[in-house]
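Residue-level structural notes
Okay, here's what each chain looks like letter by letter:
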Amino acid sequence: MTAAVIAAGLGKRYRDHWALRDCSLEIPEGRVAALVGPNGAGKTTLLHMLTGLLRPTAGQVSVLGRTPGEDPGLLPHIGFVAQDVPVYRSFTVAEHLEFGRRMNKRWDGDLARARVERAGIALDQRAGSLSGGERAQVALALALAKRPDLLLLDEPLASLDPLARREFLQALMEGVVEGGHTVVLSSHLIADLERVCDHLIVLSASRTQVAGEIEDLLASHRILTGPRREVGRVAGVATIVQETHTDRQTTLFARTSGSIHDPAWSVQEVGLEELVLAYLGQPNATALPRPRLANTGTEVSR
Amino acid sequence: MIQFRLDARSGVSTYLQIVHQVRHAVRLGMLRPGDQLPTVKEVVGSLAINPNTVLKAYRELEHDGLVEGRPGVGTFVRDSVGGPPPSNHAALRRGLDRWLHAAFAAGLDVEDVRALFETSMQDLREEGVA
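Residues numbered from 1 in each chain as written. Chains lettered and ligands numbered in written order. Predicted model: local features only at pLDDT ≥ 70, side-chain atom pairs only at ≥ 80, totals over all residues. Heavy atoms only, no water.

1. Thoughts on the interface of chain A and chain B
The parts lose accessible area when they come together, and the size of an interface is often stated as this lost area. In this assembly, 15 residues from chain A lie in contact with 16 residues from chain B. Summed over both sides, the interface between chain A and chain B buries roughly 1200 Å², with carbon and sulfur atoms accounting for 53% of that surface. When residues of chain A are sorted by the area they lose upon contact with chain B, Q170(A), V177(A) and R195(A) head the list and together hold 46% of the total. On inspection of chain A and its partner chain B, the count reaches 2 salt bridges. Between E215(A) and K56(B) there is a salt bridge, and its shortest N-O distance comes to 2.9 Å. (Contact = heavy atoms within 4.5 Å. Buried area = accessible area lost by both parts, 1.4 Å probe. Salt bridge = Lys/Arg side-chain N within 4 Å of Asp/Glu carboxyl O.)

2. Some remarks on the packing of aromatic side chains
Residues and elements named next belong to chain A. With the rule as written, the count across this model stands at 2 aromatic pairs over all chains. For the pair Y88 and F91, a centre-to-centre distance of 5.3 Å together with 35 degrees between the ring planes defines the contact as tilted. Judged by its relative accessible area of 44%, Y88 falls in the partly exposed class. Take F91: its relative accessible area is 34%, and that puts it in the partly exposed class. (Phe/Tyr/Trp six-rings, centres within 6.5 Å; stacked < 30°, edge-to-face > 60°. Buried < 20%, exposed > 50% of the residue type's maximum accessible area, 1.4 Å probe, protein only.)

3. A short note on helix α8 (residues 272-281) of chain A
Where α8(A) is concerned, the buried positions are L272(A), L275(A), V276(A), A278(A) and Y279(A). Along the long axis of α8(A), the arc covered by the buried residues comes to 160 degrees, so they all point the same way. (Helix = DSSP H or I, 4+ residues; strand = E, 2+ residues; numbered from the N terminus. Arc of directions from axis to C-beta.)

4. What to know about the nonpolar core
Membership of the largest hydrophobic core comes to 81 residues, with the highest contact counts inside it found for L200(A), V22(B) and Y58(B). Ranked by residue count, the leading element in this core is helix α4 (residues 132-145) of chain A, at 9 residues. Listed in part, the 25 residues of the second largest apolar core include A41(A), L46(A), L152(A) and I201(A). (Core = buried A, V, L, I, M, F, W, Y, C linked by side-chain atoms within 4.5 Å.)

5. Observations concerning the pattern of salt bridges
All names here are of chain A. Summed over the entire model, instances satisfying the criterion amount to 19 salt bridges over all chains. In this structure, R101 and E98 form a salt bridge, with 2.8 Å as the shortest nitrogen-oxygen distance. With a gap of 3 residues between them, R101 and E98 both fall in helix α2 (residues 93-103), about one helical turn apart. Overall, the relative accessible area of 46% leaves R101 in the partly exposed class.

6. Some points on empty space enclosed by the protein
Residue and element names in this part refer to chain A. Overall, the coordinates contain 1 cavity of 30 Å³ or more when judged by the stated rule. Roughly 30 Å³ of volume is contained in the largest cavity. In terms of lining, the largest cavity is formed by L111, R115, L144, R147, G175, E178, G179 and H181. Listed by contribution, the elements that provide at least two residues to the lining of the largest cavity are α3 (109-118) and α5 (162-179). (1 Å grid on protein atoms, 1.4 Å probe; cavity = no way out; pocket = protein on both sides within 12 Å on 5 of 7 lines; lining within 4 Å. Points joined across faces, edges and corners; volume = space filled by probe spheres on them.)

Right, here's the structure in full:
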């Protein structure tokens, strides 16, 4: 399996503040990866380092086998929709498409027009008069028309109403079927991501806390409930992520290493939102694979 | 052509919901041998779900022998698939409706009916009928 993105010990520091720290992850090609975490966790910083807009202070990053910021050949292969979907307000939609054509070698103008029309947007409309949902659709059409191998979307859903969110995700998934891109999508609307994404990265307090295939993560976590007790070792449990007690009952959110047969516990499957919230609630708990790039741990001086 | 719908509260994973809905449609005769399933692009375009989820569901249905993928064309219900004949099906359905009317008239509620159904199913399974 080839990785579209590999990061090892990646960090970005501004004076004495780390915006992102010790970030190691690997996103296989063809995945739709959710990048989630509270505001200020470093999601935007990570996306900007993947595009090469920001240079890392520490660690290494490889995108489509190249080093962002050093290899100009990388940019044509990346589609990036920045937060707040910047558009030129006085330009028409058609002028945006023309701008895209002139700026990009691998430009698919038919695809861009077809997508904009399918979203019911008139080409002669000025970008400033578009609704939030329409603006997002235009930005997505522009990014997809580049025919990128990697599509990075920074909080594309944040300002959209539920209908526009759904339409955006429908258009995005159709685009993925047509183009086979790897997608990294940052958001804090976990419920919207559950059906769309197959890979998860949780950033919190500027570190990677969870990374992996969503299916594997859900299969390897369980909620155990039983009569209140002191919890020692439970057969089949690798780590207890979260432990809560009432006067009668003990509840564990656990990462498992096998089946749990102890009849004293009633075992339930977990959802994506539960999993993310359990980890975010316990900042010291992690669920990470081993990184492939050697983490030197030394800072890169620039 | 059938259209899938997802129940977010069912707790059943998305790919299994698709598998169940195809099986259900075949059983009820809404999908017949030779019929095409919606393409992956059509499904993700209407449900806003990950394409791999649809592929996984279709692979499982293919593995079960219910459908076959024709490369570059689509996924089709296999010829060998046959549910009960529709006439027989309708008669059974009328019998069930009559039974349900009788059960509700006797004062049972939905929960009672389900419990009774489950108990009978259990007995039939033990007898090796179901």
